Amino acid sequence: MLTLCGFSASNYYNKVKLALLEKGVPFEEKQVWTDRSPALLEKSPLGKVPFFEIDGKTLFESQVMLDYVESAYPQKPLIPSNPYEAARIRQLIQFMELHLELVARELYFEAFFGGKIADDVKVRVQKQLKRNIAAFGQIANFSPYIAGSEFTMADCAATVHLPLIGMATKAIYGEDMMAAYPVRDYMKLVGERPTVKKVTEDRKANAAELAERIKSRS
Ligand SMILES: N[C@@H](CCC(=O)N[C@@H](CS)C(=O)NCC(=O)O)C(=O)O
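Procedures and definitions
- The residue numbering used here restarts from 1 in each chain and proceeds along that chain's sequence as written.
- Only residues with pLDDT of at least 70 get local features here, since the model is predicted, and only at 80 or more are side-chain atom pairs given and counted; chain-wide, interface and lining totals rely on the full set of residues.
- Secondary structure elements follow DSSP: runs of H or I no shorter than four residues count as helices, runs of E no shorter than two count as strands, and numbering proceeds from the N terminus.
- Counting other C-beta atoms within 10 Å of a residue's own tells you its class, since 20 or more makes it buried, 12 or fewer makes it exposed, and anything in between is partly exposed; those C-beta atoms are placed from the backbone.
- By the criterion used throughout, residues are in contact when their C-beta atoms, derived from the backbone, lie within 7 Å.
- Should the C-beta atom of a residue, placed from the backbone, lie within 6 Å of a molecule or strand, that residue is near it.
- Residues are grouped as follows: nonpolar covers Ala, Val, Leu, Ile, Met, Phe, Trp, Tyr, Cys and Pro; charged covers Asp, Glu, Lys and Arg; every other residue, Gly included, is treated as polar.
- The convention used is that axes are lines fitted to C-alpha atoms, helices contributing only their stretch in contact, and that angles between N-to-C directions extend from 0 to 180 degrees.
- An angle below 35 degrees is read as roughly parallel, one above 145 as roughly antiparallel, one from 65 to 115 as roughly perpendicular, and any other as oblique.
- If you view the pair so one helix is near and one far, a crossing is left-handed when the near helix is turned anticlockwise from the far one by less than a right angle, and right-handed when it is turned clockwise.
- Two strands pair under a simple rule: DSSP has to find at least two bridges between them.

Draft legend 1. Local environment of the overall build of the chain. Within the chain, the regular secondary structure consists of nine helices and four strands. Secondary structure elements in the chain, listed N-terminal to C-terminal, are β-α-β-α-β-β-α-α-α-α-α-α-α. Its C-alpha atoms give the chain principal-axis dimensions of about 45 × 45 × 30 Å. Every one of the 218 residues in the chain was classed for burial, and the buried ones make up 32%. In the chain, 69% of the contacts between residues at least 6 apart in sequence involve partners at least 24 apart.

Draft legend 2. Focus on the site of the ligand. The environment of the ligand is made up of Ser10, Asn11, Tyr12, Thr34, Gly47, Lys48, Val49, Pro50, Glu61, Ser62 and Gln63. Of all elements in the fold, only helix 1 (11-23) and helix 3 (62-72) reach the threshold of two or more residues within the shell around the ligand. Of the residues in the shell around the ligand, the class split is three nonpolar, six polar and two charged.

Draft legend 3. View of the packing of helix 4 (residues 83-104) against helix 7 (residues 153-173). Here helix 4 crosses helix 7 at 20 degrees, and the two axes come no closer than 10 Å. Accordingly, the angle class assigned to the pair helix 4 and helix 7 is roughly parallel. Crossing angle aside, the handedness with which helix 4 passes helix 7 is left-handed. Packed against helix 4, whose contacting residues are Ile89, Leu92, Ile93, Met96, Glu97, Leu100, Glu101 and Ala104, the element helix 7 presents Met153, Ala154, Ala157, Ala158, His161, Leu164, Ile165, Ala168 and Thr169 at the interface. Grouping the constituent residues of the contact of helix 4 with helix 7 by class yields 13 nonpolar, two polar and two charged.

Draft legend 4. Structural detail: the sheet that holds strand 4 (residues 57-60). An order of 2-1-3-4 is seen for the four strands of this open sheet, with the pairing classed as mixed. Only two strands of the sheet have a single partner each, and these edge strands are strand 2 (28-31) and strand 4. Shown here is a sheet whose adjacent strand axes are inclined to one another by a mean of 25 degrees, direction ignored. Pairing analysis gives four bridges linking strand 3 (residues 51-54) to strand 4, with the strands arranged antiparallel. The residue bridging Phe51 from the neighbouring strand is Phe60, located in strand 4.

Draft legend 5. Spotlight on the environment of Cys156. Within the secondary structure, Cys156 sits in helix 7. With 29 C-beta atoms packed within 10 Å, Cys156 lands in the buried category. Along the sequence, Cys156 and Ile54 sit 102 residues apart, while their C-alpha atoms lie 21 Å from each other.

Draft legend 6. Seen up close, unusual backbone geometry. The amide bond that connects Val49 to the next residue, Pro50, takes the cis arrangement and shows omega of 10 degrees. Mapped onto the secondary structure, Pro50 falls in the loop between helix 2 (38-43) and strand 3. Cis geometry is found at the peptide bond from Ser143 to Pro144, where omega equals -5 degrees. For Pro144, the position within the fold is in the loop between helix 6 (119-136) and helix 7. A positive phi angle is found at Glu61, which is not glycine, with a value near 80 degrees. Although it is not a glycine, Lys76 adopts a positive phi angle of roughly 40 degrees. By secondary structure assignment, the location of Lys76 is in the loop between helix 3 and helix 4.

Here you go:
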């Protein structure tokens, strides 16, 4: 049995959960917080979630997990069979995670959890995001899905990451830096899927608990 470990308010956890739900792969969920305990570090060396437990073995890094799921459960593919087209989907995911989400992540502590981040960090992140968000237009499609006409694993990533970037920049800079893109329409479209509805419900139910944990740690 496949066990997805992490917590429902995590965007990376939800990227994997969405793919599993879309493909109809049976799995269990185990709530694991990122507490840096030795038990966690043994399974995920940086203490990050999500990770899989698979018959006593583990696997971490959400994209690796998605690729594992895709080859272990080829039903209802979330990636094209053409190698170039498949690489383009992975390219889009990597771009969103490395150049958008990971950059915007530095803002989350203040944007979502009542913390404070330094002004120089805000200036640096804004500059990076401006360039990266503009470049995103060259590869994002939104017609209607993020990579084109089919819902792919890139949508599992876009659905959970893109709204966060818009919300974080709005909270910190007073401007939604993703506003040039039809993220709202896109979220409306994907939000009609039962899989996305389920992930959203679970995320909302878990969000307050996460906020409380972060507040008590700071
Ligand atoms: N590259 C990782 C990123 C995972 C990640 O950053 N997860 C967050 C939760 S959304 C986390 O574990 N944060 C705790 C930490 O970085 O210590 C992946 O794709 O799985």
